[in-house]
Amino acid sequence: MTNSRQVIDNYLADDYFEHLKNCVFSTQFPWVFCQEVANLGEMNDDHFFFTHRLYDRFEPQSSFIKEIDHLLVHHLNVKSLIRARVNLYPNIGKFVDHDLHEDYKYPHKTAVLYFNTCNGYTGFSDGEKVDSVENRVVLFDGSEPHHSTTCTDQKIRVVLSVSYF
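Overview of the structure. The model shown is predicted, which means the values in this text are computed figures rather than measured ones.

1. Section: the pairing of strand S7 (residues 121-124)
Here comes step 1: The side-chain alternation of S7 yields two buried faces, one formed by Tyr121 and Gly123 and the other by Thr122 and Phe124.
Here comes step 2: Note that S7 and strand S8 (residues 129-131) share 3 bridges and pair antiparallel. Across the sheet, residue Tyr121 finds its bridge partner in S8, namely Asp131.

The structure is reproduced here in structure tokens:
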């Protein structure tokens, strides 16, 4: 593992994590279909996901942003938020490694919080893989090439991705 990456298990207090998870896994939580995972113009039938944008384009996009305020302020020490979203990768019956990408081309912080344990992971260009384990977070520079995956042992893989300074 590089010095710039940090993996922390049991990141949030159980009650707070369960609250966030219950919100995200609720039938009332809206999802938007995205036909490209990592790069614009991706034309691969296996590369798609669903997202819920919390913060983007310099403003809140969802009322759920209020639910992660404690995480942003007290855990991540966010000074300036770039983007926050919850991503859902469906089990499509086979394991798919998505393409490497950078969240943004300039150095910034990224936190990926895993909502469920499954055989999916976050992969990095140096070959390191951070497994999706419930209430685990990986912290890294989002300009470092990384990628997501699907899973095959659960119906879905769900993560919260936050880019910030």
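There is more to say after this.
2. Thoughts on helix H1 (residues 14-24)
An α-helical segment advances 3.6 residues per turn. Residues three or four places apart therefore align on the same side.
Here comes step 1: Of the residues making up H1, those classed as buried are Tyr16, Phe17, Leu20, Lys21 and Val24. Axial view of H1: buried residues confined to an arc of 130 degrees, hence all on one face. Exposed residues on H1 whose side chains face more than 90 degrees from its buried face are Asp14, Asp15 and Asn22.

3. Focus: the side chain of Ser62
Here comes step 1: Tracing the chain through its elements places Ser62 in the loop between strand S4 (59-60) and helix H2 (69-75).
Here comes step 2: Under the relative-accessibility criterion, Ser62 is labelled buried at 14%.
Here comes step 3: The contact partners of Ser62, leaving out residues within four places of it in the chain, are His52, Arg53 and Leu54.

4. Side note on the pattern of salt bridges
Here comes step 1: Counted according to the given criterion, the structure contains 9 salt bridges.
Here comes step 2: A salt bridge links Glu144 to Arg5, with the nearest nitrogen and oxygen atoms 2.1 Å apart. Here Glu144, found in the loop between strand S9 (137-141) and strand S10 (146-147), pairs with Arg5, found in the segment before strand S1 (6-8); they are 139 residues apart in sequence, far enough to count as distant.
Here comes step 3: Given a relative accessible area of 3%, Arg5 falls into the buried group.
Here comes step 4: For the salt bridge of Arg53 with Asp56, the shortest nitrogen-to-oxygen distance reads 3.4 Å.
Here comes step 5: Given the relative accessible area of 32%, Arg53 is considered partly exposed.
Here comes step 6: Taken together, the shared-partner salt bridges connect Arg5, Asp126, Glu128 and Glu144 into one network.

Quick notes on the rules
Residues numbered from 1 in each chain as written. Predicted model: local features only at pLDDT ≥ 70, side-chain atom pairs only at ≥ 80, totals over all residues. Heavy atoms only, no water. Buried < 20%, exposed > 50% of the residue type's maximum accessible area, 1.4 Å probe, protein only. Helix = DSSP H or I, 4+ residues; strand = E, 2+ residues; numbered from the N terminus. Pairing = 2+ DSSP bridges. Arc of directions from axis to C-beta. Contact = heavy atoms within 4.5 Å. Salt bridge = Lys/Arg side-chain N within 4 Å of Asp/Glu carboxyl O.

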